[in-house]
Amino acid sequence: LNSFSIDDNGQIRTLAVLDREAKESYWLTVYAMDHGAVPLYSELQVFIEVLNLNDNIPLTVFPVYFPTVMENAKPNTPIVTIEAFDADNDPNQQMVFAIVSGDPQSLFSINPTTGQISTTARKLDREAQCEHILEVRVSDSSSPPLNSTTRVVITVLGQNDNSPVF
């Protein structure tokens, strides 16, 4: 194995950076031999478990999302669900989602655990603003947390909601 060395005192050292996502554990066979005329030896099996470190940033499936929603949509209408993954090998790790910019009027909300973006009680009006560009942060639940951001470009589709004027 090129990942470990052992000195004359039996001290095992790593020769390369170990990454739990690449390999979770190693089994080593250590032989000890004396310098007698008829050498005697023994062997020992050593199990090395690589512990996990939060070293991978959570990422969204798409770099930009382009959903649409009808103007005058009812409150809590689902628009899009942001999907994310984290390459860290931690089954207890969860993603946390938040809208960090682009929604000063609170027209949208995001479920922090599912990543689903929905409308709020505030009405969308295509004639006032036909597109909203949100920045969404996804964080992992490790300590310290790592995060990344993605853009969500929401297009508001029109309804025939204005009477013609002469």
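Above this text you will find the structure in question.
All values reported here derive from a predicted model rather than from experimental measurement.

Draft legend 1. Region of interest: the environment of Ile99. Assignment of secondary structure puts Ile99 in strand E10 (residues 95–101). Taking the C-alpha atoms as reference, Ile99 lies 16 Å from Phe62; in sequence the two are 37 residues apart.

Draft legend 2. The arrangement of the packing of aromatic side chains in detail. Going through the model one piece at a time under the given rule, you end up with four aromatic pairs. Aromatic pair Trp27 and Phe47: ring centres 5.0 Å apart, planes at 50 degrees, arrangement tilted. Linking Trp27 in strand E3 (residues 25–33) with Phe47 in strand E4 (residues 41–49), this pair joins segments that are 20 residues apart in sequence. On the basis of relative accessibility, which here comes to 42%, the residue Phe47 falls in the partly exposed class. Aromatic side chains Phe62 and Tyr65 sit 5.5 Å apart centroid to centroid with 85 degrees between the ring planes, which places their arrangement in the edge-to-face category.

Draft legend 3. Geometry of unusual backbone geometry. For Asn76, which is not glycine, the phi dihedral falls at a positive 65 degrees. Structurally, the position occupied by Asn76 is in the loop between strand E7 (68–70) and strand E8 (78–81). One non-glycine residue, Ser106, lies in positive phi territory at about 55 degrees. In this structure, Ser106 sits in the loop between E10 and strand E11 (108–110).

Draft legend 4. Main features of the side chain of Asp140. One can find Asp140 in strand E13 (residues 131–140). Notably, Asp140 is buried but unbridged: the nearest opposite-charge side chain belongs to Arg137, and the N-O separation is 10 Å. Among the polar contacts made by the side chain of Asp140, one reaches the side chain of Asn54 at a distance of 3.1 Å. Polar side-chain contacts of Asp140 include one of 2.8 Å to the backbone nitrogen of Leu146. Not counting the four nearest positions on each side in its chain, Asp140 is found in contact with Asn54, Asn56, Pro58, Asp86, Asp88, Gln93, Gln94, Pro145 and Leu146.

Draft legend 5. Representation of the nonpolar core. By size, the foremost hydrophobic cluster in this structure holds 19 residues, and its most contacted members are Phe108, Ile117, Val152 and Ile154. Elements represented by at least two residues in this core include exactly E8, E10, E11, E13 and strand E14 (147–157). Of all hydrophobic cores here, the second largest spans six residues; its members include Phe4, Tyr26, Val46 and Val50.

Draft legend 6. Summary view of a nonpolar patch on the surface. On the surface, Ile57, Leu59, Val61, Phe62 and Phe85 cluster together into a nonpolar patch covering about 460 Å² of accessible area. In this fold, Phe85 is placed in strand E9 (residues 84–85).

Draft legend 7. Inspection of the sheet that holds E11 at higher detail. Read across the open sheet, the three strands follow the order E8-E12-E11; overall the sheet is antiparallel. Since the sheet does not close on itself, it has two edges, and those belong to E8 and E11, each with one partner. When the angles between neighbouring strand axes are averaged without regard to direction, this sheet yields 20 degrees. As paired strands, E11 and strand E12 (residues 116–119) are joined by three bridges and run antiparallel to one another.

Draft legend 8. Local environment of the side chain of Thr60. By the secondary structure assignment, Thr60 is in strand E5 (residues 59–60). By relative accessible area, which is 13% here, Thr60 ends up buried. A polar side-chain atom of Thr60 sits 2.7 Å from the main-chain carbonyl oxygen of Phe62.

Draft legend 9. Fine view of the environment of Lys123. Here Lys123 shows up in the loop between E12 and E13. Lys123 sits 51 residues away from Asn72 along the chain, and the two C-alpha atoms are 5.3 Å apart. Each residue touching Lys123, except ones within four places of it in the same chain, is listed here: Asn72, Ala73 and Leu107.

About the cut-offs
- Residues numbered from 1 in each chain as written.
- Predicted model: local features only at pLDDT ≥ 70, side-chain atom pairs only at ≥ 80, totals over all residues.
- Heavy atoms only, no water.
- Helix = DSSP H or I, 4+ residues; strand = E, 2+ residues; numbered from the N terminus.
- Phe/Tyr/Trp six-rings, centres within 6.5 Å; stacked < 30°, edge-to-face > 60°.
- Buried < 20%, exposed > 50% of the residue type's maximum accessible area, 1.4 Å probe, protein only.
- Lys, Arg positive; Asp, Glu negative; His and termini not counted.
- Salt bridge = Lys/Arg side-chain N within 4 Å of Asp/Glu carboxyl O.
- Polar contact = N/O pair within 3.5 Å; in protein donor to acceptor, adjacent residues only side chain to side chain.
- Contact = heavy atoms within 4.5 Å.
- Core = buried A, V, L, I, M, F, W, Y, C linked by side-chain atoms within 4.5 Å.
- Patch = residues over 30% accessible without salt bridge, like charges linked within 9 Å, V, L, I, M, F, W, Y side chains within 5 Å.
- Areas by Shrake-Rupley, 256 points an atom, 1.4 Å probe, with all protein chains shown as cover.
- Pairing = 2+ DSSP bridges.
- Axes fitted to C-alpha atoms, helices over the stretch in contact; angles between N-to-C directions.

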